[in-house]
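The primary structure of each chain is shown beneath.
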Amino acid sequence: MKINQFVILALLILAIFCKKEDSSYTEVSGVVYEQGTNNTKIVANALVELQWRIPKTYGAEVYHMDSTRTDENGRFTLSADAPDANLHVFASGHHYYPGGELTMDANVKRGRSQTLNLDLIPYAWLRMHITKTGQYHNLGIGAPIGSTQAYSITTDTTIISSPVLGNTEVELTLFKYKNGLQEREQIIVQTIGHDTVDVFLSF
């Protein structure tokens, strides 16, 4: 009888230990899509990473858990024995903005098998055709979202901006100056991923 009790106790401890070990095993699978396409365009060969991030005052302390490349159908599977709940999966790819900013919150649940589809924002470009009408002395153009380039224009010109977010509405902020006074105007432009959109401006 005592032996049976010992065996039951040992099995109970083993079951608790195995359950504890199993609870740290985390698996994530899904598909990487191009944002703005209603999940109709997949991103093959994207790099997908699983990270454990310890939040800090600014950003996070990051530890690599697993990584893989999406297959021809945009699918991926990642897994790891995760030590903590602060887990984040993100993707990056050629001609796409990276999706792994350190300030992003955890998006993976520890100790579970789960599905998580990801979106990647494609690069796009704006070709700005600018005409000076003489109504203003000069024109300033703020850096559109997805770009760090701002412009100051005094003559007719055509410029291709640095990359902007694709498949979305991008806001252009114009600053028109005359006799030291500023007028502000905002223009919304629908961008196309991996393509250039023409915009016609005047000042």
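In case you missed it, the structure is sitting above this.
Worth saying up front: this structure is predicted, and the values here are computed from it rather than measured. (Residues numbered from 1 in each chain as written. Predicted model: local features only at pLDDT ≥ 70, side-chain atom pairs only at ≥ 80, totals over all residues. Heavy atoms only, no water.)

Looking at the overall build of the protein chain
What counts is decided by this rule: Starting at the N terminus, helices and strands are each numbered in turn, a helix being any DSSP run of H or I of at least four residues and a strand any DSSP run of E of at least two. When accessible area is computed with a 1.4 Å probe and restricted to protein chains, residues below 20% of their type maximum are described as buried, those above 50% as exposed, and intermediate ones as partly exposed. Whether two residues touch is decided by their heavy atoms; if any such pair falls within 4.5 Å, the residues are in contact. Here the accessible surface of atoms and residues is derived via Shrake-Rupley with a 1.4 Å probe, and residues count as covered only by protein chains that are part of the display.
For the protein chain, the count of helices and strands is one helix and 15 strands. Within the protein chain, buried positions represent 34% of all 203 residues. Within the protein chain, residue pairs in contact and separated by at least 24 positions form 65% of the contacts whose partners lie at least 6 positions apart. Carbon and sulfur atoms provide 52% of the accessible area of the protein chain, an area that totals close to 12,300 Å².

Re the sheet that holds strand β5 (residues 87-92)
Let me state the cut-off plainly: Should DSSP find at least two bridges between two strands, the strands are regarded as paired. Only C-alpha atoms enter the line fits that serve as axes; for helices the fit covers just the stretch in contact. Angles between N-to-C directions range over 0 to 180 degrees.
One open sheet accounts for three strands, arranged β3-β2-β5; its pairing is antiparallel. Each of the sheet's edge strands pairs with one partner strand only, and the pair in question is β3 (60-69) and β5. Strand-to-strand twist across the sheet, computed as the mean angle between neighbouring axes with direction ignored, equals 30°. In the sheet, strand β2 (residues 47-55) pairs with β3 via nine bridges, with the strands oriented antiparallel. From the neighbouring strand, Glu49 faces β3, where its bridge partner is Ser67.

Some details on the packing of aromatic side chains
Heads up, the rule is: Geometry of aromatic contacts follows a simple scheme: Phe, Tyr and Trp rings, the Trp one being its six-membered ring, pair when their centres are within 6.5 Å, and the pair is stacked under 30 degrees between planes, edge-to-face over 60, tilted otherwise.
Applying the stated rule across the entire model yields two aromatic pairs. Both rings, one in Tyr97 and one in Tyr123, keep their centres 4.2 Å apart while their planes meet at 40°; by these two values the pair is tilted. Pair noted here: Tyr97 is in the loop between β5 and β6 (113-115) and Tyr123 is in strand β8 (residues 123-131), with a separation of 26 residues, a long-range link. When its relative accessible area of 14% is taken as the criterion, Tyr97 is described as buried. Since its relative accessible area comes to 23%, Tyr123 is described here as partly exposed.

Some remarks on the side chain of Gln114
With respect to the secondary-structure elements, Gln114 resides in strand β6. Judged by relative accessible area, Gln114 falls into the buried class, the value being 17%. Residues contacting Gln114, with those up to four places away along its chain left out, are Thr26, Glu27, Val28, Ser29, Val108 and Lys109.

Some points on the pairing of strand β14 (residues 181-190)
Sheet analysis places strand β13 (residues 169-178) next to β14, joined by 10 bridges and oriented antiparallel. Counted as the bridge partner of Leu172 is Ile187 from β14. In textbook terms, the turn of a hairpin is the stretch between consecutive antiparallel strands, and for β13 and β14 this stretch comprises two residues, one of which, Asn179, has a positive phi near 50°.

A word on unusual backbone geometry
You will see that Asn167, though not glycine, has its phi angle at about 55°, which is positive. With respect to the secondary-structure elements, Asn167 resides in the loop between β12 (164-165) and β13. For Asn179, which is not glycine, the phi torsion reads 50° and is therefore positive. Relative to the helices and strands, Asn179 is located in the loop between β13 and β14. By relative accessible area, Asn179 is classed as exposed at 62%.

Examining the environment of Phe200
Checked against the element boundaries, Phe200 lands in strand β15 (residues 196-202). Look at Phe200 and you get exposed, because its relative accessible area is 64%.

As for the pattern of salt bridges
Side-chain pairs of opposite charge can arise whenever the charged atoms involved come near each other. To keep things clear, this is the line we draw: What makes a salt bridge here is a side-chain nitrogen of Lys or Arg within 4 Å of a carboxyl oxygen of Asp or Glu, nothing more.
This structure, assessed with the given rule, holds four salt bridges. The closest approach of N and O atoms between Glu34 and Lys41, which form a salt bridge, is 3.4 Å. Relative accessible area serves as the criterion here: at 3%, Glu34 is assigned to the buried category. The exposure class of Lys41 is partly exposed, given its relative accessible area of 37%. Here Asp198 and Arg127 are joined by a salt bridge, their closest N and O atoms 2.7 Å apart. Of this pair, Asp198 sits in strand β15 while Arg127 sits in strand β8; the two residues are 71 residues apart in sequence, bridging distant segments of the chain.

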